[in-house]
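Here is what each chain is made of, one letter per residue.
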Amino acid sequence: MRQGTSHFFDICCQVVEQGKNQYLEYYSIHLKKWIAYSFVKFADGYLLNYIDISQTKLQEQINQQQTLLLDSILDASQNGIFAYHAVKNTEGEVVDFEIIKVNKSFSRILGISQQAAEGKKYSTVFPGILDSELFQINCQVLESGKAAQTEFYYKRDAFQGWFHLSIAPLGENGLVQTFIDITESRRDKLSLEASAVQLQTVIDSTQTGIFLAKPVWSQEGNIEMGTNQAGTIIDFRFKTVNKALASYASSHINQLIGRLHGECFPVYFSNGVFEKYCQVWHTGEPIRFEQNYLTEEFDVWMDVSTRKLDEDLLVTFHDFTSVKKLQQQQEHLLTDLKNSNEDLLEANQLLARSNKNLEQFAAIASHDLQEPLRKVQSFGNLLQSQYGAQLGEGIQFLQRMQSAANRMSILIRDLLTFSKISTQKDSFEPVSLNQVINSVLVELELRMEETKARILVDSLPVIEGDASQLAQLFQNLLSNALKFHNPNVAPFIEVKYQLISASNLPILGRINRHGKQNPQHYHRIEVSDNGIGFEPEYAERIFQMFQRLHSKQDYSGTGIGLAICEKVVTNHGGTIMASSEVGKGATFTLFLPAF
């Protein structure tokens, strides 16, 4: 095809000389029309036909402009777009597609040039596509005439990515596909999903119950969440929960999501929890409270915290049942302790009255009982001295009476001593045990000379105590050592001292510390003798009141002396022990706190 008229002669010569037909399109400026000329050899000349093709040319220009416009539109799209038509076998089955047109975004996204795609088979441009699900979707759209959308992962050489595809029919045998690379958004989605899984794992790993719920409204107003002002919240629906919550519902997490709170835990309507949730949602002010959940299935105490999160309700709770029960037990114990203190106060008041009575008895014993005995003894002495010869054998009865009165006087004196020690209040001060025992030895000097006794005493410490009580203690111990001596052997008595650690105490249970702090050390004092001794089984019995191991004919005494010793040691926050064997002497060991 040629245009213009400057070559008419040459064209005519070629037709006549070579016998080749020619076609020429010419635009006449004068006529303002397009004319098509057809040259055909005829005999020795040629035949010329011409026709006005202005309308055809105009339509071609319009088509070209539309094509350019369409290409511009396609190329301006950020989405990849390409058109393709079906390639069928002899049976009419679609075996492939041929790509007709692609836009610039096609090449930009996929890295495939226009020349490498247009006019090429679908399977050539996208190797392996015929075996994919996407090929089947293309065939379905072509067959049904209905558009389809899908997400598809494609990998080619070094390229790989996720795409969102839209496939629509194009004519009877064609399709047009638009696609967008969603790899980044897909990765973001997968990352969010992974983060959601991690977050769920984290909240599932905690023992604290966690859930997110949205309010459910009544039908009185607009039920759209957050916009209902006329309606009423009637429940909350779970959006997110963790395993700790699911365990209380005996259910799985996925089974709880979307369910109503009141359906899973109906008790929250009656125990006041639902009202608190509504209060938080309406006011936006978070609250924390303790709540007892009591049902047929469980009885637990929860520490609940709740706050409004956007238009939802976030609730966390911790089961502190064991702590609450311990607290309740402590409250009961405090109540019992209070009652016990009241009982103890009453007992102390009774004891105070008893002590007062005992003090009154001591006063009576010291005066009212001793006075008649003194008169009996005085009159007895007069009878014996003035009328002894006249009494004859009756003097024996008088002597027995005098002896009984003397024993009664000693017994009353010992009882008085014991009662004073029992009722005497602590008035402790530093006391030198060396001075105490020296004063006792002075009092026992005559008895020591009579028995030819020898007493060795270690250097003793200064302690906090009552001097008179401590003197009574050593008086009784040394007197007993002198009294219960072997008649054929002179008494030998040793008083030994040692400072020991509290951890070396042999008996802790008998220590009475009177509320004082535990001492780190104790004074260990031994009083041992070479006397007649006693059976080991009596080692504790001898400290009881009126306990005697020998008859009063053999050894004088009231059986109160060692009871007084134990009382003195107890008053001083210590303890006393005895050990002995018959015929091998006895040892009394004192443990007194060293503050």
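To start, this report covers the structure provided alongside it. (Residues numbered from 1 in each chain as written. Predicted model: local features only at pLDDT ≥ 70, side-chain atom pairs only at ≥ 80, totals over all residues. Heavy atoms only, no water.)

Topic: the overall build of the protein chain
When helices and strands are tallied, the protein chain shows 17 helices and 21 strands. Burial status across the protein chain gives 36% buried among its 595 residues. For the protein chain, contacts bridging at least 24 residues in sequence account for 56% of all contacts bridging at least 6. (Helix = DSSP H or I, 4+ residues; strand = E, 2+ residues; numbered from the N terminus. Buried < 20%, exposed > 50% of the residue type's maximum accessible area, 1.4 Å probe, protein only. Contact = heavy atoms within 4.5 Å.)

Here we look at a nonpolar patch on the surface
A contiguous nonpolar patch, built from V40, F42 and L47 and spanning about 270 Å² of accessible area, is present on the exposed surface. Position of F42 among the secondary structure elements: in strand β3 (residues 33-42). (Patch = residues over 30% accessible without salt bridge, like charges linked within 9 Å, V, L, I, M, F, W, Y side chains within 5 Å. Areas by Shrake-Rupley, 256 points an atom, 1.4 Å probe, with all protein chains shown as cover. Salt bridge = Lys/Arg side-chain N within 4 Å of Asp/Glu carboxyl O.)

Points about the pattern of salt bridges
A full pass over the atoms with the stated rule returns twelve salt bridges. In this structure, R186 and E151 form a salt bridge, with 2.6 Å as the shortest nitrogen-oxygen distance. Residue R186 is located in helix α7 (residues 183-205), and its partner E151 is located in strand β7 (residues 148-156); the two are separated by 35 residues in the primary sequence.

Some thoughts on the packing of helix α14 (residues 433-443) against helix α16 (residues 467-483)
Where α14 contacts α16, the two axes come as close as 9 Å, and the packing angle between them is 50°. If you check the angle between α14 and α16, you find them oblique. For the element pair α14 and α16, the recorded crossing hand is right-handed. Facing L433, V436, I437, V440, L441 and E443 of α14, the residues of α16 in contact are L470, A471, F474, Q475 and L478. Residues of the contact of α14 with α16, tallied by class, amount to nine nonpolar, one polar and one charged. (Axes fitted to C-alpha atoms, helices over the stretch in contact; angles between N-to-C directions. Parallel < 35°, antiparallel > 145°, perpendicular 65-115°, else oblique. Left-handed = near helix turned anticlockwise from the far one by under 90°. Nonpolar A, V, L, I, M, F, W, Y, C, P; charged D, E, K, R; others polar.)

Digging into α16
Its 17 residues place the ends of α16 24 Å apart at the C-alpha level, agreeing with the 24 Å of an ideal helix rising 1.5 Å per residue. Along α16, the residues that are buried comprise Q469, L470, L473, F474, Q475, N476, L477, L478, N480, A481 and L482. (Expected span 1.5 Å × (residues − 1).)

So, the packing of aromatic side chains
Applying the stated rule across the entire model yields 30 aromatic pairs. Measuring from centroid to centroid gives 6.0 Å for F106 and F179, while their planes differ by 75°, and the two rings are edge-to-face. Residue F106 is found in helix α3 (residues 104-110), and its partner F179 is found in strand β9 (residues 174-181); the two are separated by 73 residues along the sequence. F179 matches F106 in its accessibility class, with the two residues each being buried. Aromatic pair F236 and F274: ring centres 6.2 Å apart, planes at 65°, arrangement edge-to-face. Here F236 is found in strand β11 (residues 233-241), whereas its partner F274 is found in helix α11 (residues 273-283), with 38 residues between them in sequence. Grouped by ring-pair contacts, the aromatic residues F82, Y84, F97, F106, Y122, F126, F135, Y154, F163 and F179 constitute a single cluster. Over the face of the ring belonging to W162 we find R186, whose NZ or CZ atom lies 3.9 Å from the ring centre. (Phe/Tyr/Trp six-rings, centres within 6.5 Å; stacked < 30°, edge-to-face > 60°. Lys NZ or Arg CZ within 6 Å of the ring centre and 35° of its normal.)

Details of the side chain of Q177
By the element assignment, Q177 lies in strand β9. Taking the relative accessible area as the measure of exposure, Q177 reaches 3% and is therefore buried. A distance of 3.0 Å separates a polar atom in the side chain of Q177 from a polar atom in the side chain of Y84. Once residues within four sequence positions are removed from consideration, Q177 is found in contact with G80, I81, F82, Y84, Y122, N138, L165, S166 and I167. (Polar contact = N/O pair within 3.5 Å; in protein donor to acceptor, adjacent residues only side chain to side chain.)

Details of the environment of K121
By the secondary structure assignment, K121 is in the loop between α4 (114-117) and α5 (122-125). For the pair K121 and D96, spaced 25 residues apart in sequence, the C-alpha separation works out to 6.9 Å. Apart from residues lying up to four places away in sequence, K121 is in contact with V87, D96, F97 and E98.

Some words on the sheet that holds strand β19 (residues 521-528)
With mixed pairing, five strands are arranged side by side in an open sheet as β16-β18-β19-β21-β20. In this open sheet, the two strands that pair with only one neighbour each are β16 (454-457) and β20 (575-580). Recorded for the sheet is a direction-independent mean angle of 15° between the axes of neighbouring strands. Sheet analysis places β20 next to strand β21 (residues 586-593), joined by six bridges and oriented antiparallel. Considered in β21, the bridge of T575 is made with F591. (Pairing = 2+ DSSP bridges.)

Focus: the sheet that holds strand β14 (residues 312-319)
Here five strands make up an open sheet; going across it, the order is β11-β10-β14-β13-β12 and the pairing antiparallel. Of all strands in the sheet, those with a lone pairing partner are β11 and β12 (287-294), marking the two edges. On average, each strand axis in the sheet is tilted by 35° relative to the strand beside it, whichever way the strands run. Here strand β10 (residues 209-217) pairs with β14 via five bridges, running antiparallel. Each residue of the ladder has a partner; that of A213, found in β14, is L313.

Some remarks on α14
Considered for burial, the residues of α14 that qualify are L433, V436, I437, V440 and L441. Projection of α14 onto a plane perpendicular to its axis shows the buried side chains occupying an angular sector of 135°, all on one side. α14 presents Q435 and V442 as exposed residues on the side facing more than 90 degrees away from its buried surface. (Arc of directions from axis to C-beta.)

Some remarks on the nonpolar core
Among the nonpolar cores identified, the biggest contains 38 residues, and L470, L473, F474, L477, L478, F588 and L590 are the most heavily contacted of them. Breaking this core down by element, the ones donating at least two residues are α14, α16, β18 (492-501), β19, α17 (561-571), β20 and β21. With seven residues, the top contributor of residues to this core is α16. Once you skip the residues sitting within four places of it in the chain, L477 turns out to touch V527, L562, C565, F588 and L590. One finds F211, V267, C278 and F289 within the second-largest nonpolar core, a separate group that totals 30 residues. (Core = buried A, V, L, I, M, F, W, Y, C linked by side-chain atoms within 4.5 Å.)

Here's the deal with the pairing of strand β13 (residues 299-309)
Pairing of β12 with β13, which is carried by eight bridges, proceeds in the antiparallel orientation. In the sheet register, L294 faces β13, and the bridge partner there is D299. Where β12 hands over to β13, the hairpin turn is made up of four residues, counted between the paired strands. Where β13 and β14 come together, eight bridges link them in antiparallel fashion. Each residue of the ladder has a partner; that of S305, found in β14, is T316.

What about the packing of α16 against α17?
Between two packed helices, the angle of one axis relative to the other and the distance separating the axes together describe the packing. Across the interface, α16 lies against α17 with an axial gap of 9 Å and an inter-helix angle of 145°. Note that α16 runs across α17; the crossing there is left-handed. In this structure, α16 uses Q469, L470, Q472, L473, N476, L477 and N480 to contact α17, whose residues at the interface are G561, L562, I564, C565, V568, V569 and N571. Of the residues belonging to the contact of α16 with α17, the class tally is eight nonpolar, six polar and no charged.

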